[in-house]
Structure formats: structure tokens, C-alpha cells
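Single-letter residue listing:
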Amino acid sequence: VEGKGLLECISIVKKANLILTDLGDSDLFRLTIIGSGRLADKIPTSQESLEIVYMGELEQPAVIRAMYESDILIQAYSQPEGLTTVTLEGLATGLLIVSTPLSGGEILEVCENYIPGKLEDLPSLLLLSRDIPKSRNELLASCKGFIESGFTWDVIAHKLIDRNYS
């Protein structure tokens, strides 16, 4: 779906890899794309300076396995987007999350693995994320309290219904 960030993610990772190449760094990012939709045919099979692995539509257990096999989740929305289930799954699997700001994302400030920024800043943030010295378990621990606090849309809905916004 346009605006959900597929083409933007390809561009961001490609830009980050070009910067790395210019710096003489051969440890480039690889982009894994999971999902399907009408933009699937626009995913290039090869790009200069970018390896793309297109996995298509997967069952939920396979998605979670792929998250554990990855290091960074990129969410590059060109339209406003709320806090997504994918974001919560990424946090719960200890992924670094480089993302355009999400509505409700300000509550993620306690999570060291959530790195928000403007769309045009995401290639630089992606590069900076490589230098975070913490292990996956340390990153997961930074937001464990948030995850375990029972953050669900039910909790938010009840707060809104009860007019309890704090």
C-alpha cells in the first residue's frame, strides 16, 4: 500500500549503503521485505549497493522468526501512522526500530531501541543505529517494563472511554 513505506525503505537502505560505500565500509545493510500487496511487483530484484530479500506473505510464526533473525526494523511511513502491532512485535523481539514518528510513539521514549526521525533523516539514523553498543537483550530490557505493562489497544480504549488521558 502506498504511504506504508515499502518504496521508502528501499530508498533509505540504498542511501545508507551508498554512504557506507563512500566511507570504504563493506559491511552493508541487507533489506528483508515481508508481506504482499499491490506494490510487490515494484520491488526490484536487484539494486546497486543493496541486497533485497523478498519473503512475501508469511504466517505469523515465520514473521516472528524473521524478526529474531534480523537486527533492525525500518518503518518509513510517508503518511501519518499510529503505533502498530509490528512496532510492538519488534520491541518484544529486541529489534532496533528506526521509524518515522508514530502517533502514540512518544510513550516509547523509555525504549532505547526506538529511534524516531523524519523520513529524510532515516538513512543517517539507520547508520547511527549500527553504533549502539548494547546487546539485543539489553535493548529488550530497556523496554521490557513498557511491554509487560499490558500496552494494548483495549487499555487505550478504556482510558479514552473513561476520559483518563494520563
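All chains use their own residue numbering, which begins from 1 and follows the written sequence. With pLDDT at 70 or above as the cut-off, local features in this predicted model cover only qualifying residues; side-chain atom pairs require 80 or more to be listed or tallied, and sums for whole chains, interfaces and linings still use all residues. Calculated side-chain values reflect all of the structure's heavy atoms, with hydrogen atoms and water omitted.

Concerning the packing of aromatic side chains
And step 1. Aromatic pairing here means that ring centres of Phe, Tyr or Trp (its six-membered ring) are within 6.5 Å. Orientation follows from the plane angle: under 30 degrees is stacked, over 60 is edge-to-face, and everything else is tilted. One pass over the full model with this rule turns up zero aromatic pairs.
And step 2. Against the face of Phe29 rests Arg130, its NZ or CZ located 5.6 Å from the ring centre. Throughout this description, the term charge over a ring refers to an Arg CZ or Lys NZ atom that lies within 6 Å of the ring centre and within 35 degrees of the ring normal.

Remarks on helix α1 (residues 6-22)
Note that an α-helix has 3.6 residues per turn; residues three or four places apart therefore point the same way.
And step 1. When the terminal C-alpha atoms of α1 are compared, their 25 Å separation across 17 residues agrees well with the 24 Å that a helix rising 1.5 Å per residue should span.
And step 2. For each residue, the accessible area found with a 1.4 Å probe, counting protein chains only, is set against the maximum for its type, and the residue is called buried under 20%, exposed over 50%, and partly exposed in between. Each helix is a run of DSSP H or I of at least 4 residues and each strand a run of E of at least 2, with the numbering of both proceeding from the N terminus. Taken together, the buried positions of α1 are occupied by Leu6, Cys9, Ile10, Ile12, Val13, Ala16, Asn17 and Leu20. Taken end-on, α1 shows its buried residues confined to a sector of 165°, consistent with a single buried face.
And step 3. Among the residues trailing α1, Gly24 stands out with phi positive, at a value near 80°. Helix span, as expected, comes to 1.5 Å for every residue beyond the first. In this description, one arc is meant: the one made by directions from the helix axis to the C-beta atoms.

Details of helix α4 (residues 122-129)
And step 1. Burial analysis of α4 places six of its eight residues in the buried class, the great majority of the element.
And step 2. All of the buried residues along α4 are Leu122, Pro123, Leu125, Leu126, Leu127 and Ser129.
And step 3. Residues of α4 that are buried in the fold lie against α1, β3 (72-75), β4 (96-99) and β5 (114-116). Between two residues, a contact is recorded if the distance between any of their heavy atoms is within 4.5 Å.

Focus on the confidence of the model for the chain
For any part of a model where pLDDT is low, the fine detail of the predicted coordinates should not be relied upon.
And step 1. Across the chain, each position has a pLDDT score giving the predictor's confidence in that residue, from 0 to 100. Per-residue confidence for the chain gives a mean pLDDT of 84; residues scoring 70 or more make up 88%.
And step 2. Summarising per-element confidence for the chain, the mean pLDDT is lowest in helix α6 (residues 153-161) (63) and highest in α4 (95).

Observations regarding the sheet that holds β3
Backbone-to-backbone hydrogen bonds join strands into a sheet, with any given pair of strands oriented parallel or antiparallel.
And step 1. Strand order in the open sheet formed by three strands is β3-β4-β5, with parallel pairing between adjacent strands. Looking at strand neighbours, the two that pair on one side only are β3 and β5, the edges of this open sheet. Strand-to-strand twist of the sheet, defined as the mean angle between neighbouring strand axes without regard to direction, takes the value 15°.
And step 2. Only when DSSP finds a minimum of two bridges between them are two strands counted as paired. Both β3 and β4 contribute to a ladder of four bridges, which runs parallel. Bridge pairing in β4 links Leu73 to Ile97. Orientation is described by axes fitted as lines to C-alpha atoms, over the contacting stretch for helices, and by angles from 0 to 180 degrees between their N-to-C directions.

As for the packing of helix α2 (residues 60-68) against helix α3 (residues 85-92)
And step 1. Packing of α2 against α3 leaves a shortest axis separation of 10 Å and a crossing angle of 50°. Considering their axes alone, α2 and α3 lie oblique with respect to each other. In this structure, α2 crosses over α3, and the sense of that crossing is right-handed. Contacts between α2 and α3 involve Gln60, Ile64, Met67 and Tyr68 on the former and, on the latter, Val86, Glu89, Gly90 and Ala92.
And step 2. Just so you know the grouping, Ala, Val, Leu, Ile, Met, Phe, Trp, Tyr, Cys and Pro go in nonpolar, Asp, Glu, Lys and Arg go in charged, and all remaining residues, Gly too, go in polar. The residue makeup of the contact of α2 with α3, split by class, is five nonpolar, two polar and one charged. Each angle is binned into one of four classes, with values under 35 degrees roughly parallel, values over 145 roughly antiparallel, values of 65 to 115 roughly perpendicular, and all other values oblique. For any pair of crossing helices, the crossing counts as left-handed if the nearer helix is rotated counterclockwise from the farther one by less than a right angle, and right-handed if it is rotated clockwise.

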